[in-house]
Amino acid sequence: MSEHRRRSPNGGGDRPPGGRGDGRQPRPHGMPPQGAPSYGEGRGSDEVRSEGLRRARAAGPRETAQQPRLTRAEMRRQAQKGGGGGGGRGAAGAGGPGKKRFIDYPRWGKSGFRRWIPSWKQILTLFLVFFGGSVAVVGVAFAMTPVPDANKQFEEQNNIYFWADGSEMTRKGATNRQIVPLADISRAAQDTTIAAENETFRTDKGIDPKGIARAVYKMATGGETQGGSTITQQYVKNYYLSQDQTLTRKVKEMFITLKIADRKDEVLQGYLNTSWYGRNSTGIQAAAQAYYGKDASKINLCEGAMLAGLLKGAGLYDPSINPENHKRMEERWDYVLNRMVIAGLTTKDERDKCGKSFPEPIPPKPASNMTGEIYYLVQTANKYLAAKDPTINDLALQRGGYKIYTTFQKDKVDALKAAVDGFQKDNLKPDKREQDKFVQMGAASVVPNDGAIVAIYGGAGVENGHYTNNADAFGIPVGSTFKPFVLAAAMQLGVQTKMDSDGQPTRISTDSRYMANNLSEIFKPDGSPVIGDNGQPYKQRNDSTSSPGYVTLKEAMRNSYNVPFVQLNQDVGGKNVESLVTSMGLLKGSLAPSSTITFPLGTSTPSAIRMASAYSVFAARGQQTDPYSVSKVLKDGVEVPKFAKPQAKKVLEQAVADNVTDVLENVAKNGTGKKTNELGFPVAGKTGTTDAGTSAWWVGYTPSLVTSVGMWREEPGKPGLLSLNGTANKNEIHGGDFPTDVFTRYMKVIGPGKPKNFPDPEESGVKLDASGAPSTASPSASASASASASASASPSTTPSPSGGPSGGPPSPSATDSCFLLCPTRNPPTKPGKPTPTATDTSTQAVQAPAQ
């Protein structure tokens, strides 16, 4: 071995000046040549790295070949320890990468925040790993998701309904289902179903990606749940899976759908045999028999379109249930036939053969355990179930397994039915008098401050061909039973004709006086006349032609004058009245437009249940509770959430509610509801009659129960109300007649309840008379005002621009007629502006109702 490759025992040798005695061996093979910098050594400022980048040379003399050097193994060990052999790179090694890392993150060689920014290679690698892993997971999940045994999943049970006391009311189940092969289902029935539910069924892959994404997003974000949109998805959901609206079930639905999507005939056959059509029928064969009395193989195009329309929801589209359903079904039927043409499933000529002749189904056959009022009670409970928990729909109820505890009290249901039956037996003779035909009644009882619906009268029973639940039917104008809401609004929200000290509308009392003469002109809050449809100032009629002059609102309610409440509605504002009644429980969809002049006269059409619920706010001294008919639900022995008792909320001040009750107690005792005096205990309430005599109402209450009774005439299958005039051989029918009679018969049986008496009302509001009212309430003044107003209310009278008989100062003709007898008046204000009496010394701030 040459001299320069030897190593002395002591690691020495001659050291040049400035050299290092660190015991290094001479340069091994492969190391930089003499004079070149070795790995880990310092270099001069003019030296260049192996990768071509210039770097500074460390101070001091260069090492020579005679200097002792480390072997490669020694250099690696020293580098790992963070030491440096020979200066330069070894000394700086602690800041370098050392041993190469598998994942260079944070990134070496970068400083600041750049160390934390991954490279594009890292990003791409991460994406590929994630994507590949996701595909693998989905693939494994798809492969491991079996198609369940449908026969075990589609078992059905009864539903059991209970009275409020826990005793059994009825059982509903034993669904009529007949499985038939696809060959025994007419092509028309198949194609109409495809047109209605999934036009691309025969060509698609069973999945609607957009529908799936939308449904998953809705469920994941807590939005409204949505079902599968294709026939295959619906079949899988109905036949194989539960009705749970969860992400897991949706994923399973998608996998099973993909697995069976190519079995088109099998899927269509299964879908048609497992779909719910109403009338206790599952499957197209049972539905064909229930609606048309024929087999599914004989269903034609027109009939098939009707049956296909039921798939959207038999409860809403069965045309035999009520006129609203019939109208919806006719529209749906026409839609399905048109889609048949668009989808190329039939020709326009074949579609035109159906024309506009809707294929009416045969009357349904009621189950023996669903007769009398039971049918309407179950229908009311089922509607509430679906409203509170949309997963408890027709199909879920068809599968059964529910125990439903209702709020209905058997003794009250029986008593209400007996009251209606007794009235009909004593007064109606439909076999002898034409006007006694088609008379219908609907009634409901609600507990104040609780909301429980304890009794309803829905009709004569499905066994007698009556399928509409009259207690929950909309479309019947409530007439003057709406007036207490206008009075409550004036007392709670105030009138806009005079502002209080805080600049708010003045809240008035029931002693405030308004013009009540027949054909009085109505004014806006600014004093200008209200213009009618004929372009002339509007004049309101009363039910009679009397001219009582200015009367208190309490008296106006007792005699049910129209004029004062139409004017009061203008002073309060129709929108404010609408806001109050909706907060009291009336549904906005049942209300007439609040901008109409006659809005306060009851042109709205709430149901009997909703009217009883709204009046319960008066009985509950201002507390509103939503009506409910189900107190508890069990599914397979487990209680279902969402059926807690509704919470009461304050919508009227207690003093306001008590004063309205005081006014309505006067109506029952001394006014249009005095037939209730037969009861012998306190009752409050209001009668209602429409101008055309198409409906009559009474809504009455004790402190513990509110009951509404409506009466009208309507021929089954022919929507539209008939006049009640002439019924029971009476020229005119009023709310104080038969509806009040039914209420009185009912209350005689069930009694007043506890507490028996209403609380004494505290003072509320300001006595604020309409402009033109006498300044005193002396008999002579009242008589004079009545005479004056009677003259001014003559149809031939033309009000002056500055006022009118209802809200403004007396017209000249009225002044002349009482020149000597007219009492001294306060100085006239702007027309339509109420004038406070001399005793008015304070006002109260307006407080809006709780929402």
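Residues numbered from 1 in each chain as written. Predicted model: local features only at pLDDT ≥ 70, side-chain atom pairs only at ≥ 80, totals over all residues. Heavy atoms only, no water.

### As for the state of the cysteines
Logical step 1: A complete count under the given rule lists one disulfide for this structure.
Logical step 2: Two residues share a disulfide in this structure: cysteine 302 and cysteine 354, whose sulfurs sit 1.9 Å from each other. Across the S-S bond of cysteine 302 and cysteine 354 the torsion is about -100 degrees, and the bridge reads as left-handed. A residue pair is termed long-range when its members are at least 10 positions apart, and cysteine 302 in helix H11 (residues 301–309) and cysteine 354 in helix H14 (residues 348–354) qualify at 52 residues. A single burial state applies to cysteine 302 and to cysteine 354, both of which are buried. (Disulfide = S-S within 2.5 Å. Helix = DSSP H or I, 4+ residues; strand = E, 2+ residues; numbered from the N terminus. Buried < 20%, exposed > 50% of the residue type's maximum accessible area, 1.4 Å probe, protein only.)

### Focus: the pattern of salt bridges
Logical step 1: Within this structure, the stated rule accounts for 33 salt bridges.
Logical step 2: One salt bridge in this structure joins lysine 417 and aspartate 421, with 3.3 Å as the shortest N-O distance. Highlighted residues: lysine 417 and aspartate 421, both in helix H17 (residues 410–427), separated by four residues, approximately one helical turn.
Logical step 3: Notably, a salt bridge pairs lysine 588 with glutamate 578, separated by 2.4 Å at the nearest N-O pair. With lysine 588 in the loop between helix H21 (574–583) and helix H22 (608–619) and glutamate 578 in helix H21, this residue pair connects regions lying 10 residues apart in the sequence.
Logical step 4: Relative accessible area serves as the criterion here: at 7%, glutamate 578 is assigned to the buried category.
Logical step 5: One network of salt bridges, in which partners are shared, links Arg187, Asp191 and Arg202. (Salt bridge = Lys/Arg side-chain N within 4 Å of Asp/Glu carboxyl O.)

### Some words on the sheet that holds strand S21 (residues 684–689)
Hydrogen bonds between backbone groups are what pair the strands of a sheet, and the pairing can be parallel or antiparallel.
Logical step 1: Across the sheet, five strands lie side by side as S10-S9-S23-S22-S21; this open sheet has antiparallel pairing. The open sheet terminates on both sides in strands that have one partner only, identified here as strand S10 (453–457) and S21. Pairs of neighbouring strands in the sheet enclose a mean axial angle of 10 degrees, with direction left out of account.
Logical step 2: Relative to S10, strand S9 (residues 439–446) runs antiparallel, the two sharing four bridges. For serine 445, the partnering residue across the bridge sits in S10 and is alanine 455. (Pairing = 2+ DSSP bridges. Axes fitted to C-alpha atoms, helices over the stretch in contact; angles between N-to-C directions.)

### Description of the confidence of the model for the chain
Logical step 1: Per-residue confidence for the chain gives a mean pLDDT of 80, with 73% of residues at or over 70.
Logical step 2: Every residue in residues 35–56 scores below 50 in pLDDT, and together they form 52 contacts with partners more than four places removed in sequence or on other chains.
Logical step 3: In the model, residues 83–94 has pLDDT below 50 throughout and makes 31 contacts with residues more than four positions away in sequence or in other chains. (pLDDT = per-residue confidence, 0-100. Contact = heavy atoms within 4.5 Å.)

### Digging into the packing of aromatic side chains
Logical step 1: Here the structure, examined in full by the defined rule, presents 14 aromatic pairs.
Logical step 2: Each ring, one from tryptophan 333 and one from phenylalanine 358, has its centre 5.5 Å from the other, and the planes form 85 degrees; the classification is edge-to-face. Of this pair, tryptophan 333 sits in helix H13 (residues 323–342) while phenylalanine 358 sits in the loop between H14 and helix H15 (374–388), and the two are 25 residues apart along the sequence. The two residues tryptophan 333 and phenylalanine 358 agree in class, both being buried.
Logical step 3: Each member of the aromatic cluster is reached from another via a ring pair, and the members are Phe482, Phe485, Phe599, Tyr615, Phe618, Tyr701 and Phe758. (Phe/Tyr/Trp six-rings, centres within 6.5 Å; stacked < 30°, edge-to-face > 60°.)

### Description of the pairing of strand S3 (residues 159–162)
Logical step 1: Every second residue of S3 is oriented toward a common face, with Asn159 and Tyr161 on one face and Ile160 and Phe162 on the other, all of them buried.
Logical step 2: In this sheet, strand S4 (residues 168–172) lies alongside S3 in antiparallel orientation, the contact comprising four bridges. Within S4, the position partnered with asparagine 159 by the bridge is lysine 172.
Logical step 3: Counted between consecutive antiparallel strands, the loop separating S3 from S4 contains five residues, among which glycine 166 sits at a positive phi close to 95 degrees.

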